[in-house]
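Observations on the model geometry
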Amino acid sequence: MDLEILEIASNTENHKVVKNHTHQSKNKNPLCGDEMEISLIVKDNIVQDMGYQCRSCVYCQASVSLLSRWVMQVPIEKISDFVLNAELFFDKNFDQLKKINIKDLKNFKKIMNPENISRKECLLLPFKTISKALKL
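Just so we're clear, the structure is a prediction, and the values are computed from it rather than from any experiment.

We now examine the packing of aromatic side chains. Considering all chains together, one arrives at six aromatic pairs under this definition. On the basis of an interplanar angle of 75 degrees and a centroid distance of 5.0 Å, the ring pair of Phe82 and Phe108 is categorised as edge-to-face. Pair noted here: Phe82 is in helix H3 (residues 76-84) and Phe108 is in helix H5 (residues 105-111), with a separation of 26 residues, a long-range link. Exposure remark for Phe108: the relative accessible area of 1% places this residue in the buried category. Looking at Phe82, the relative accessible area reads 0%, which means it is buried.

Attention now goes to the packing of helix H2 (residues 58-70) against helix H6 (residues 120-134). Following both chains from N to C, one finds H2 and H6 inclined at 45 degrees, their axes separated by 7 Å at the closest point. Judged by the inter-axis angle, H2 sits oblique to H6. Two packed elements cross with a definite hand, and for H2 against H6 that hand is right-handed. Every residue of H6 that contacts H2 at Tyr59, Cys60, Ser63, Val64 and Leu67 is listed here: Cys122, Leu123, Leu125, Pro126, Phe127 and Ile130. A per-class count over the contact of H2 with H6 returns ten nonpolar, one polar and no charged.

Bridge analysis of strand E1 (residues 23-28) against strand E2 (residues 35-43) gives six bridges, and the strand direction is antiparallel. Residue pairing across strands places His23 opposite Leu40, the latter belonging to E2. Here E1 folds back onto E2, and the loop between the two strands holds six residues, one of which, Gly33, carries a positive phi near 95 degrees.

Topologically, Pro75 is positioned in the loop between H2 and H3. Since its relative accessible area comes to 37%, Pro75 is described here as partly exposed. Separated by 29 residues in sequence, Pro75 and Ile46 place their C-alpha atoms 4.3 Å apart. Discounting residues that sit within four places of it in the chain, Pro75 has contacts with Asn45 and Ile46.

Given a rise of 1.5 Å per residue, 13 residues ought to cover 18 Å, and the 18 Å separating the end C-alpha atoms of H2 matches this to within 8%. All buried positions along H2 are accounted for by Val58, Tyr59, Cys60, Ala62, Ser63, Val64, Ser65, Leu66, Leu67, Ser68 and Trp70. Next to the buried residues of H2 lie helix H1 (3-9), E2, strand E3 (46-55), H3, H5 and H6.

Considering all chains together, one arrives at six salt bridges under this definition. With its nearest N and O atoms 3.3 Å apart, the salt bridge here joins Glu4 to Lys110. Remark: Lys110 occurs in helix H5 and Glu4 occurs in helix H1; sequence separation between them is 106 residues. You can call Lys110 partly exposed: its relative accessible area is 35%. Taking the shortest distance from any N to any O, the salt bridge between Lys16 and Asp49 comes out at 2.9 Å. Taken together, the residues Lys16 in the loop between H1 and E1 and Asp49 in strand E3 connect sequence positions 33 residues apart. Each of Lys28, Glu35 and Arg55 takes part in a single network of salt bridges with overlapping partners.

What counts and how
- Residues numbered from 1 in each chain as written.
- Predicted model: local features only at pLDDT ≥ 70, side-chain atom pairs only at ≥ 80, totals over all residues.
- Heavy atoms only, no water.
- Phe/Tyr/Trp six-rings, centres within 6.5 Å; stacked < 30°, edge-to-face > 60°.
- Helix = DSSP H or I, 4+ residues; strand = E, 2+ residues; numbered from the N terminus.
- Buried < 20%, exposed > 50% of the residue type's maximum accessible area, 1.4 Å probe, protein only.
- Axes fitted to C-alpha atoms, helices over the stretch in contact; angles between N-to-C directions.
- Parallel < 35°, antiparallel > 145°, perpendicular 65-115°, else oblique.
- Left-handed = near helix turned anticlockwise from the far one by under 90°.
- Contact = heavy atoms within 4.5 Å.
- Nonpolar A, V, L, I, M, F, W, Y, C, P; charged D, E, K, R; others polar.
- Pairing = 2+ DSSP bridges.
- Expected span 1.5 Å × (residues − 1).
- Salt bridge = Lys/Arg side-chain N within 4 Å of Asp/Glu carboxyl O.

Okay, here's the thing in C-alpha cells:
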C-alpha cells in the first residue's frame, strides 16, 4: 500500500458530526461493506461545513478526507460537475476533469487513478454519498 494514501487518510479534521445539518446521507458499498455517512451545511447553494463518519478501508477514508476538505466554500453546481465526472479519474479521459478547474486535482489523482482500479468502488463511495446527500 502506498504511504501517501495512509498520509491522506490520516487527515481527519472533518471526521465529525455536523449538528444542524441541512443535507445528510448514508451509503454502503455492497461489494466490500464499507459504510459512510456525510452531513453538510449548505447556505445559498455553497457548502459551509461537512462532516463524515465511516467504517471503511483506508482508500475510502483517504477519498473522503480529500473530498471533505475540497468541498468547503464550493458552490453545489461545481461539486455536481466534479462528482458526476469522478469516474474519469480511472480512465483515459482524465483530461476532461481538468476542464472543470478543480483545485487540488493533483491530490485526488494521487489516489484515484488506473493503478487503484481494483479499489474504484471504495474510492468513489464518498462521491456517491455526497451526491445522494445533495440530490445531484
